[in-house]
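In case you want the letters, here they are:
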Amino acid sequence: MVFRVFRQYEAIIIENEDRQLLGLARSVDRSITSYLQQFSRDLEHTLRRDGLTEAEVEFREKGEDSRLIQQMEESILADHPLTYDMLCMDGGTILYSSRGKTDYTFPPDAGLDGSVSIRPCVDGSGNIYLSFVKTIQDDLQYAVLVELTAFYQAVAGNLIAGTQDRILLLDAGGRALLYQTEEGIQAVLVEDSQGETVNPDELDALLSCQSSEDQVSLFYKAKATEGTKGYTARMVAIPASGNNGVFSVGASLNYETIKHPIHMSTIRLTAYSSMIVVGILLLAGTLLLMARRSARAQQEVLLLRERNLALEEVTKKSQALAHHQRLEIIGALTSSIAHEFNNLLTPIMGYSILVLEKLPPDAEETYDNVLEIYEASRKAKTIISRLSDLSRKNTPLTFQYVSPDDLVLRVLEIAAPAKPPKVRVDSKLQCRHLWVHGNEIQLSQMLLNLVLNAYQAMEANGGTLTVTTQQEEDAICFHVADTGPGIAPELLESIFEPFFTTKERGKGTGLGLAIVQQVVKEHQGTVSVHSEVGHGTTFIVRLPLPTEEDGTDDNCIS
C-alpha cells in the first residue's frame, strides 16, 4: 500500500513537473515569436523607405549599387544587437554583405515561408545563422542574419541555471540545433551533433515532436560527463507548427533531484511501518499472555482502556479549545501585522509602476512580468486588508454624516478601472438631500465589494450594473443589481460565510461578502440578496436614517 501511494505521488509529481516544463517551453516559444515578428516588421519597414526604392531603380537601370548599400547600412536593423550581417542578393547571388562575406547557403524547407522567409543558413566555415529574407520584384532579395547563439541567449539564456536543466531549440526543418553546455551556448547542425553534449534521446524527442506536430513528454538517460554522473532526465517538447513556426522547443530537467527524495521516503516509511507492525505484534502477544495468566490482569486492562477512552475525549476537547484560542490569537495578530505587510507591499507596487512607465514599447515580456509583480502585490494588499477587517473586534469607529448619492458616485469612480469592456453602468440616485450616519471608509468598502463582485460576474458575457439609492420608510436602501449568471439557490445560505467563494482558484478569497455583512451589522442595518440563475443578482442593503441621538456622539463603539 505504501509503495502504491508513493507511486501515485510520483505520478502527480511528474504531472506537475510536465506542466512547469510545458510552461517554460511556451514562455520560450512566446519570446521566439516576439523576436521573429520584430525582425520581420523591421525588415519590411526598411524596405518601404523611399530612398531604398530609388536606389533599387538606379541599380536595375544603371547597375550602380552604392546607394543601395548606403540604404542598407542606415537601416534600423544595422544597429540591432542581434544582427550579424545584412545582405542584398539578386537571383541568389550576393551583391552586398555588411561583413563582406559571400559564402552563405540557404537550405530549403527549413523554416517559415511567408512575406518574410525565416530559416537557418550556414556560411563556409560551418557557422549557423537565422536568416530573414524578403524577396521583391525582379528576384531582388534583402536578408538579415542573426547570430543563433545570441538569439538563444535573448530568448532562453536567463530562464535556466546550469546545464542539467536546459532548453533545446530545433529548427522546423530538423537541421540546426541550439542548446547550452558547460562551455556555453552551442549552435550545431543536426548531422554533426552526435557528440557527448547532445543525448540521442533528446534529439529523437525533438525530431518526433517535429514530425508528429504534437507535444512530446518522455524520460531519458543523460550521459555522464567529466566530473558528473549520468542521471535520469525528463523532457517536454512542443513543435514549431502551430507555435512560432520556426523552432521546436524542448525543456528538460534532472529528475534524479526529485525522484531520490521520494524513493528515500518510501524506504524510510516502509522500515518504520515494519517496526510498528512488529511492535504491535509483540504487544498483542504480551497482552494475550497476561490475559491467560490472570483474569485480574484482564480486568485491569479493560479498566485502563476505559480510562484511555475518557482521556482521549478530554484530549479532543482540550485540542478543540486550544484551536479556538489559536484562532482568536490569529485574529488579534492579524490587525497588528497588517500595517507591517502594507509597508512592505507599498514600495513594491510603487516601484513596479515606475518600472512600467520607463519600459520601452517593445519590452512586452518584461512589461508583462512587472505587471504580474504589481498585480500580485495589489492582491496581497487587498487580502491583508480584508483579513484585518474580518478579524477586527471591539474597535472604535469614527461615524459621520455621509451622503448616499455621493458615496455611490465615489465608489463607481474608484471601481471604473476594473469595469469589463462589455459591462454598462447605470445609476439611479434618489437620496440627494438625505444622509446616513456611519463610517465612510467602511461604507465605501462595502459598496466597492458589491460592485466588484457584479463586475466579475459579468466579465465573460457582459451586461448591465444598476446601482440605486432610495428611501424606504425610516431607512436608506442601496440596490446593487447585475444581469450576470446568478447564484444557485443551494449556495445563497453560504455566500456570507468567510472564505466561501465560487470563483476559480486565484480569483477570489471569499472575504468580500463576509466584510459586507460585518459592515452592515456594525451600522445596525440589514443586507439581503435576490438571485435567479440566468437572470442576475440583486443585493439590497438597508441602513437606518440618522436620529437626533446620532448627532450627539461622534464616535460609536462596534
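Values in this document were obtained by computation on a predicted structure and should not be read as measured data.

Undergrad: Describe the overall build of the protein, naming the residues involved and giving the relevant values.
TA: Looking only at helices and strands, one finds eleven helices and 20 strands in the protein. Split by element, the accessible area of the protein, about 31800 Å² in all, is 54% carbon and sulfur.

Undergrad: Just give me the short version of the sheet that holds strand 9 (residues 216-222), but keep the residues and values in it.
TA: What the six strands build is an open sheet, ordered 8-7-6-11-10-9; its pairing is antiparallel. Whereas interior strands pair on both sides, the edge strands pair on one side only; in this sheet they are strand 8 (184-189) and strand 9. Pairs of neighbouring strands in the sheet enclose a mean axial angle of 20 degrees, with direction left out of account. As defined by bridge partners, strand 9 adjoins strand 10 (residues 231-238) across seven bridges and the pair is classed as antiparallel.

Undergrad: Could you give an account of a negative patch on the surface, naming the residues involved and the relevant values?
TA: Together, Asp362, Glu364, Glu365, Asp368 and Glu372 line one region of the surface with negative charge. Mapping Glu365 onto the fold places it in helix 8 (residues 364-391).

Undergrad: Just give me the short version of the pairing of strand 10, but keep the residues and values in it.
TA: Along strand 10, eight of the eight residues are buried, which leaves the element largely enclosed by surrounding structure. Of the two faces of strand 10, both are covered, the one formed by Tyr231, Ala233, Met235 and Ala237 as well as the one formed by Thr232, Arg234, Val236 and Ile238. With six bridges joining them, strand 10 and strand 11 (residues 247-254) adopt antiparallel strand pairing. Its bridge partner being in strand 11, Arg234 is matched across the sheet by Leu253.

Undergrad: Could you give an account of the sheet that holds strand 5 (residues 140-147), with specific residues and numbers?
TA: Taken in spatial order, the five strands make up an open sheet running 2-1-5-4-3, and their pairing is antiparallel. With one partner strand each, in any of the chains shown, strand 2 (93-97) and strand 3 (117-122) form the two edges of the open sheet. Pairs of neighbouring strands in the sheet enclose a mean axial angle of 35 degrees, with direction left out of account. By the bridge criterion, seven bridges tie strand 1 (residues 83-90) to strand 5 in an arrangement that is antiparallel. In the sheet register, Asp85 faces strand 5, and the bridge partner there is Leu145. Sheet strands touched by helix 3 (residues 66-73): strand 1, strand 2 and strand 5. Its angle to strand 1, the strand with the most contacts, is close to 150 degrees.

Undergrad: How would you sum up the nonpolar core? Please name residues and give values.
TA: Inside soluble globular proteins, nonpolar side chains tend to come together where they are buried. Counting 50 residues, the largest nonpolar core has Ile32, Leu130, Phe132, Tyr142, Phe151, Leu169 and Phe247 as the members making the most contacts within it. With eleven residues, helix 1 (residues 2-47) is the largest single contributor of residues to this core. Counting 35 residues, the second-largest nonpolar core is a separate cluster that includes Val402, Phe496, Val519 and Val529.

Undergrad: Give me the pattern of salt bridges: which residues, what numbers.
TA: In total, this model carries eight salt bridges according to the counting rule given. Of the charged contacts, one joins Asp123 and Lys101 as a salt bridge, the two residues approaching to 2.8 Å between their closest N and O atoms. Residue Asp123 is found in the loop between strand 3 and strand 4 (128-135), and its partner Lys101 is found in the loop between strand 2 and strand 3; the two are separated by 22 residues along the sequence. Each member of the pair, Asp123 together with Lys101, is buried. With a shortest N-O distance of 2.5 Å, Arg410 and Glu440 are connected by a salt bridge.

Undergrad: Kindly report on unusual backbone geometry, identifying the contributing residues and their values.
TA: A negative phi holds for most residues other than glycine; trans holds for most peptide bonds. The residue Glu473 is not glycine, and still its phi comes out positive at about 60 degrees. Relative to the assigned elements, Glu473 resides in the loop between strand 16 (463-472) and strand 17 (475-482). Judged by its relative accessible area of 71%, Glu473 falls in the exposed class. Even without being glycine, Gln524 reaches a positive phi, approximately 55 degrees. Mapped onto the secondary structure, Gln524 falls in the loop between helix 11 (512-522) and strand 18 (526-531).

Undergrad: I'd love a proper account of a nonpolar patch on the surface, names of residues and values included.
TA: On the surface, Leu283, Leu287 and Met290 cluster together into a nonpolar patch covering about 260 Å² of accessible area. Locating Leu283 in the fold gives a position in helix 6 (residues 256-293).

Undergrad: How would you sum up the packing of helix 2 (residues 50-62) against helix 3? Please name residues and give values.
TA: Helix 3 packs onto helix 2 with a crossing angle of 155 degrees between their chain directions and a minimal axis gap of 8 Å. One finds that helix 2 runs roughly antiparallel with respect to helix 3. The two elements helix 2 and helix 3 meet at a crossing, and its hand is left-handed. The residues of helix 3 that touch helix 2, namely those facing Gly51, Leu52, Glu54, Ala55, Glu56, Glu58 and Phe59, are Arg67, Leu68 and Gln71. Its residues assigned to classes, the contact of helix 2 with helix 3 shows four nonpolar, two polar and four charged.

Undergrad: Could you give an account of the packing of helix 9 (residues 404-415) against helix 10 (residues 440-457), naming the residues involved and the relevant values?
TA: The contact between helix 9 and helix 10 brings their axes to 9 Å, and the two run at 50 degrees. As the angle between them shows, helix 9 and helix 10 are arranged oblique. For helix 9 against helix 10, the interelement crossing comes out right-handed. In this structure, helix 9 uses Leu407, Val408, Arg410, Val411, Leu412, Ile414 and Ala415 to contact helix 10, whose residues at the interface are Glu440, Leu443, Ser444, Leu447, Leu448, Val451, Leu452 and Tyr455. Here the residues of the contact of helix 9 with helix 10 sort into twelve nonpolar, one polar and two charged.

Undergrad: Give a description of the packing of aromatic side chains that names residues and reports values.
TA: Geometry of an aromatic ring pair is reported as the spacing of the ring centres plus the angle between the planes. With the rule as written, the count across this model stands at five aromatic pairs. When the centroid spacing of 5.2 Å and the interplanar angle of 20 degrees are considered together, the rings of Phe39 and Phe132 count as stacked. On the criterion of sequence distance, the pair formed by Phe39 in helix 1 and Phe132 in strand 4 is long-range, its members being 93 residues apart. Just as Phe39 is buried, Phe132 falls in that class too. Three or more aromatic residues link up through ring pairs in this structure, and these residues are Tyr35, Phe151 and Phe247. Here the guanidinium or amino end of Arg99 rests over the ring plane of Tyr84, the centre of that ring lying 3.9 Å away. If you follow Arg234 out to its NZ or CZ, it ends over the ring of Phe219, 4.4 Å from the centre.

The rules behind the values
Residues numbered from 1 in each chain as written. Predicted model: local features only at pLDDT ≥ 70, side-chain atom pairs only at ≥ 80, totals over all residues. Heavy atoms only, no water. Helix = DSSP H or I, 4+ residues; strand = E, 2+ residues; numbered from the N terminus. Areas by Shrake-Rupley, 256 points an atom, 1.4 Å probe, with all protein chains shown as cover. Pairing = 2+ DSSP bridges. Axes fitted to C-alpha atoms, helices over the stretch in contact; angles between N-to-C directions. Patch = residues over 30% accessible without salt bridge, like charges linked within 9 Å, V, L, I, M, F, W, Y side chains within 5 Å. Salt bridge = Lys/Arg side-chain N within 4 Å of Asp/Glu carboxyl O. Lys, Arg positive; Asp, Glu negative; His and termini not counted. Charge placed at Lys NZ, Arg CZ, Asp CG, Glu CD. Buried < 20%, exposed > 50% of the residue type's maximum accessible area, 1.4 Å probe, protein only. Contact = heavy atoms within 4.5 Å. Core = buried A, V, L, I, M, F, W, Y, C linked by side-chain atoms within 4.5 Å. Parallel < 35°, antiparallel > 145°, perpendicular 65-115°, else oblique. Left-handed = near helix turned anticlockwise from the far one by under 90°. Nonpolar A, V, L, I, M, F, W, Y, C, P; charged D, E, K, R; others polar. Phe/Tyr/Trp six-rings, centres within 6.5 Å; stacked < 30°, edge-to-face > 60°. Lys NZ or Arg CZ within 6 Å of the ring centre and 35° of its normal.

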